[in-house]
2 protein chains.
Amino acid sequence: MLTPKQYKLLMFIDNTIKENGCCPSYDEMKDAVGIKSKSGIFALIEELIERDFIRKLPHKARALEVLKTPKFKPRDIIEEEKKIKLALQNSSVQIPLYGKIAAGTPIEAIAYENETTSVPFDLVERGEFYALRVEGESMVEAGIMDGDLAIIKRANNADNGQIVVALVDDAEATLKVWQKKDNEIWLKPCNKDYEIRKLHPSRVKVQGILNGIIRRYN
Amino acid sequence: MLTPKQYKLLMFIDNTIKENGCCPSYDEMKDAVGIKSKSGIFALIEELIERDFIRKLPHKARALEVLKTPKFKPRDIIEEEKKIKLALQNSSVQIPLYGKIAAGTPIEAIAYENETTSVPFDLVERGEFYALRVEGESMVEAGIMDGDLAIIKRANNADNGQIVVALVDDAEATLKVWQKKDNEIWLKPCNKDYEIRKLHPSRVKVQGILNGIIRRYN
DNA sequence: TTATAAAGAACTAAAGTAGAACATTTGTAT
DNA sequence: ATACAAATGTTCTACTTTAGTTCTTTATAA
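Below, the structure is looked at part by part. (Residues numbered from 1 in each chain as written. Chains lettered and ligands numbered in written order. Predicted model: local features only at pLDDT ≥ 70, side-chain atom pairs only at ≥ 80, totals over all residues.)

**Points about the overall build of chain A**
Now for step 1: A tally of helices and strands in chain A yields five helices and eleven strands.
Now for step 2: Here chain A holds 218 residues, and the buried ones make up 33% of them. (Helix = DSSP H or I, 4+ residues; strand = E, 2+ residues; numbered from the N terminus. Buried ≥ 20, exposed ≤ 12 C-beta atoms within 10 Å, placed from the backbone.)

In structure tokens form, the structure reads like this:
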């Protein structure tokens, strides 16, 4: 509807009239709006007139009239929206806790376990998430320890280098680094003592991508 | 009626006008809606005009006017709002986020930084907590990586083997394993490349005990 | 492939800036 | 009232920046 300068000028005029009772001159306006020539004010006012925000008596001094100002949202609505924004940034949500990963059971098989866990909201913004308890040492060099809670985003495929929940032979779910090489899928652990598994793509399915880790001490 | 992008754009325009009084530019819109080119905004606006949701003065800057907003919302917007509702219900615990650990600055010195972060309830049940961003590799073998968020419980002393925030010489805060040996305090890193620091008890103060780790991928 | 959508670059129009000159109105002194 | 000065509004030109439009290229999906 209005450009920032137009808006600023309109509000200045409106304010001045309401406060002082009389309309500011072009020179006063140019100082208030922060431009150095009256001609600019003239142009702005022409624009405002064209859009029916003000009216003027031509060639008369200080003869502007504000017809309308842009309508504002009630303050409490703005407050409400700020609250929601904050809540989105800072809240936690419940996501299902399915069970343990690297335990030899596909995730679907344990999906009935109806536990949930709460995680900060910004960890799980878009998409469907679930949590798994990490079991074993195969990812320790990536800072993923036995007992950690892995936050997983449901997905069917992954990019090379991402840490994924991979289901092998529809029987065994495991957390590994995903690497697609020609006609093989490599599931790479992050631990010198474990070996890379190289599998035919038909044997491996992505069930999710690692999105976060939560660990608890005591 | 409207596609999600169209709806999002329409609401953004409506909001901006109501909040700022002036219409956003195409560049501002493209950032808000999340597309990378103004031409996309142009197309969306043409669509919205065709459907009589907005009006524009062609070739004028910031000259859009919202005529109406839709009664029905696209499905994924509804999903989004459900998430918001859920997030509001699950409002979680706010704890202060002080800054970086192992950066050579005592925690009190950076306590004025008024950021907060949210953590799941069960991570911070009893006591006073704060969060620190981990910097450096000195604890990688304990699965604590550079960039992790460390949840710290405020405390003045610790048991052997606990990971603590230790303040050395009132000058340097660091995250290490705490070990009291006779008349010495050992601050043990969890990384072969780092050495154990052995200090006289008068030089070391416990500022908190590590209670949890939160890591985010992407 | 083909069709479609998004991104990007190039182009055009409008908005803003500045200074000066000019016109009109208003106030003041004669 | 008349003349003049001061204040204020208007017009013009030149230029810079910002914004809207159009077109081409690049991804993406069917």
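**Focus on the nonpolar core**
Now for step 1: Ala150, Ile152 and Val164 of chain A together with Ala150, Ile152 and Val164 of chain B are the most contacted members of the largest nonpolar core, which totals 58 residues.
Now for step 2: Among all residues touching valine 164 of chain A, those that are not within four sequence positions of it are Ala158, Lys176, Trp178, Val206, Gly208, Ile209 and Leu210 of chain A.
Now for step 3: Membership of the second largest hydrophobic core comes to 31 residues, among which are Leu48 of chain A together with Leu2, Met29 and Ile45 of chain B. (Core = buried A, V, L, I, M, F, W, Y, C linked by C-beta atoms within 7 Å. Contact = placed C-beta atoms within 7 Å.)

**Here we look at the protein's contact with DNA strand C**
Now for step 1: Taken together, 24 residues are adjacent to DNA strand C, and Thr3, Lys36 and Ser39 of chain A together with Ile35 and Ser39 of chain B come closest.
Now for step 2: Elements supplying a minimum of two residues to the surface near DNA strand C: α1 (4-20) and α3 (38-50) of chain A together with α3 (38-50) of chain B.
Now for step 3: Counting residues per element, the surface near DNA strand C draws most heavily on α3 of chain A, at six residues.
Now for step 4: Grouping the constituent residues of the surface near DNA strand C by class yields six nonpolar, ten polar and eight charged. (Near = placed C-beta within 6 Å. Nonpolar A, V, L, I, M, F, W, Y, C, P; charged D, E, K, R; others polar.)

**A look at the pairing of strand β8 (residues 172-181) of chain B**
Residues and elements named next belong to chain B.
Now for step 1: In the sheet, strand β7 (residues 163-168) pairs with β8 via six bridges, with the strands oriented antiparallel. Looking at the pairing, isoleucine 163 lines up with valine 177 of β8.
Now for step 2: Where β7 folds back onto β8 in an antiparallel hairpin, the turn is made up of three residues, including aspartate 169, whose phi is positive at roughly 55 degrees.
Now for step 3: Pairing of β8 with strand β9 (residues 184-188) involves five bridges; the strand directions are antiparallel. Counterpart to glutamine 179 in the pairing with β9 is tryptophan 186.
Now for step 4: Where β8 folds back onto β9 in an antiparallel hairpin, the turn is made up of two residues, including aspartate 182, whose phi is positive at roughly 45 degrees. (Pairing = 2+ DSSP bridges.)

**Examining helix α2 (residues 26-33) of chain B**
All names here are of chain B.
Now for step 1: Within the span of α2, buried status applies to Met29, Lys30 and Val33. For α2, the angular spread of buried residues about the axis comes to 100 degrees, placing them on one side.
Now for step 2: Contacts made by the buried residues of α2 are with α1 (4-20) and α3.
Now for step 3: Taken from the residues just after α2, glycine 34 is the one with a positive phi, measuring 90 degrees. (Arc of directions from axis to C-beta.)

**Quick notes on the protein's contact with DNA strand D**
Now for step 1: As a matter of local geometry, DNA strand D sits amid 20 residues, with Tyr26, Ser39 and Ala61 of chain A together with Tyr26 and Ser39 of chain B nearest to it.
Now for step 2: Breaking the surface near DNA strand D down by element, the ones donating at least two residues are α2 (26-33) and α3 of chain A together with α2 and α3 of chain B.
Now for step 3: The residue inventory of the surface near DNA strand D, partitioned by class, reads eight nonpolar, six polar and six charged.

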